[in-house]
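# Inside the fold
Single-letter residue listing:
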Amino acid sequence: MTVPGMAEYVDRLVHWLKAQGAGAGAAGAVVGISGGVDSAVVAALLKRAFPATTLGIIMPCDSLPRDIEDARLVAQALEVPFKEVGLGHAFRAVLGAMGKEEGPGRRLAEANLKPRLRMLVLYYHANLRNYLVAGTGNRSELKVGYFTKHGDGGVDLLPLARMVKSQVKEAARLLGVPCKVIEKPPTAGLWPGQTDEAEMGVTYEVLDNYILAGEAPEDARGIIESMARRSAHKLSPPVMPDFEP
C-alpha cells in the first residue's frame with residue numbers, strides 16, 4: 001500500500017520533468033541504472049515523462065553480478081531502452097596512469113572514481129541525443145552529502161530530492177519496480193560488501209525520521225549533523241572571492 005497522496009505526487013513529478021525538458025529544449029533524458037531502488041524510480045518517472053526518449057545506461061565497474069542482473073531486470077520490467085557500458089578497464093587504466101599513491105583517503109579516492117567515470121558516460125550519451133541527465137539522489141542522501149561530488153552528484157535534474165528513502169520505496173511500489181529491487185540493502189557498489197547504512201553509520205529509517213520529525217537517538221543525531229556539516233560544500237556552487245581586482 002502506498003502512502004496517501006503518493007500517486008498525486010508522482011503525477012506532479014512527471015509533469016515537472018516534462019516542464020524541465022521543455023524549458024531546456026531537451027528531447028528526453030538519460031539515467032544510470034544501478035539495480036537499486038532510487039535509479040529504478042527515476043527510470044520509471046522518466047519513462048512516463050518521456051515515453052519515447054528515455055535511455056537507461058548500465059555501467060558495471062567491477063560490479064557484483066547480481067547488481068548488473070538487477071539493473072537489467074529494472075530496465076526490462078519498466079520497458080526502458082538501455083545500453084551497457086563496462087567501465088572496469090577504464091577504471092583500472094586511470095588508476096594505472098596515476099601510479100601508486102598512498103594516503104589515508106586512498107580507498108575512498110579510488111572508489112569515487114567509479115561514479116565520476118559514470119558521470120562522463122551519462123553526459124556523453126546525453127550530449128549525443130540532446131537529453132538531460134537525471135540524477136538518483138534522494139532527500140536522505142542529500143541531507144548528509146552521501147554522494148560523490150562531480151560523480152553521481154553531477155546531473156541536471158534531481159527528481160527525488162524532496163523524497164526520503166522510505167518515500168522512494170513507496171513510489172517504487174506504485175510505479176511497478178520489482179520487489180526484489182525495492183527490498184535489497186542499499187549500496188553504492190563502491191567496494192565488495194559496501195552498504196550505504198554501514199558506511200554512514202546510521203540506518204535510513206533513523207535518518208528519515210530525523211529529517212521528517214526532527215527526532216533521532218543522540219548518537220545518531222551527532223552522526224547526521226556532523227555529516228551534514230562536512231558535506232555542505234557538495235550542495236553549493238564553487239566558492240568564489242567576494243572581492244574584485
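Above this text is the structure in question.
Residues numbered from 1 in each chain as written. Predicted model: local features only at pLDDT ≥ 70, side-chain atom pairs only at ≥ 80, totals over all residues. Heavy atoms only, no water.

## A few points about the sheet that holds strand 2 (residues 54-58)
Here is the rule: Note on pairing: DSSP must find at least two bridges between two strands before they are called paired. Elements are defined by DSSP. Helices are runs of H or I of four residues or more, strands are runs of E of two residues or more, and each kind is numbered from the N terminus. Note on geometry: axes are lines fitted to C-alpha atoms, helical ones only across the stretch in contact, with angles between N-to-C directions running from 0 to 180 degrees. By the convention used here, residues are in contact when the closest approach between their heavy atoms is within 4.5 Å.
An order of 3-2-1-4 is seen for the 4 strands of this open sheet, with the pairing classed as parallel. The strands lining the two open edges of the sheet, one partner per strand, are strand 3 (82-84) and strand 4 (131-133). Neighbour-to-neighbour, the strand axes of the sheet open up by a mean angle of 25 degrees, direction not taken into account. Sitting on the sheet, helix 2 (residues 37-49) is in contact with strand 1 (28-32) and strand 2, with an inclination near 165 degrees to strand 1.

## A short note on unusual backbone geometry
Heads up, the condition is: Relative accessibility under 20% of the residue-type maximum defines a buried residue, over 50% an exposed one, and the middle range a partly exposed one, all with a 1.4 Å probe and only protein chains included.
A positive phi angle, near 60 degrees, is found at E79, a position not held by glycine. Within the fold, E79 resides in the loop between helix 3 (65-78) and strand 3. Assessed through its relative accessible area of 61%, E79 is described here as exposed.

## Thoughts on the pairing of strand 2
Our working rule: By convention, a crossover is right-handed whenever its connection, traced from the first strand over the helix to the second and viewed with the strands pointing away, goes clockwise.
Most of strand 2 is tucked away, with 5 of its 5 residues classed as buried. Neither face of strand 2 is exposed, since T54, G56 and I58 on one face and L55 and I57 on the opposite face are all buried. Sheet topology places strand 1 next to strand 2; 4 bridges connect them, and they run parallel. Paired with G32 across the bridge in strand 2 is I57. Handedness of the strand 1-helix 2-strand 2 crossover: right-handed. Where strand 2 lies against strand 3, 3 bridges are found, and the strand directions are parallel. Residue I58 lies in a different strand from strand 3, and its bridge partner there is E84. One crossover worth recording links strand 2 to the parallel strand 3 by way of helix 3, and it is right-handed.

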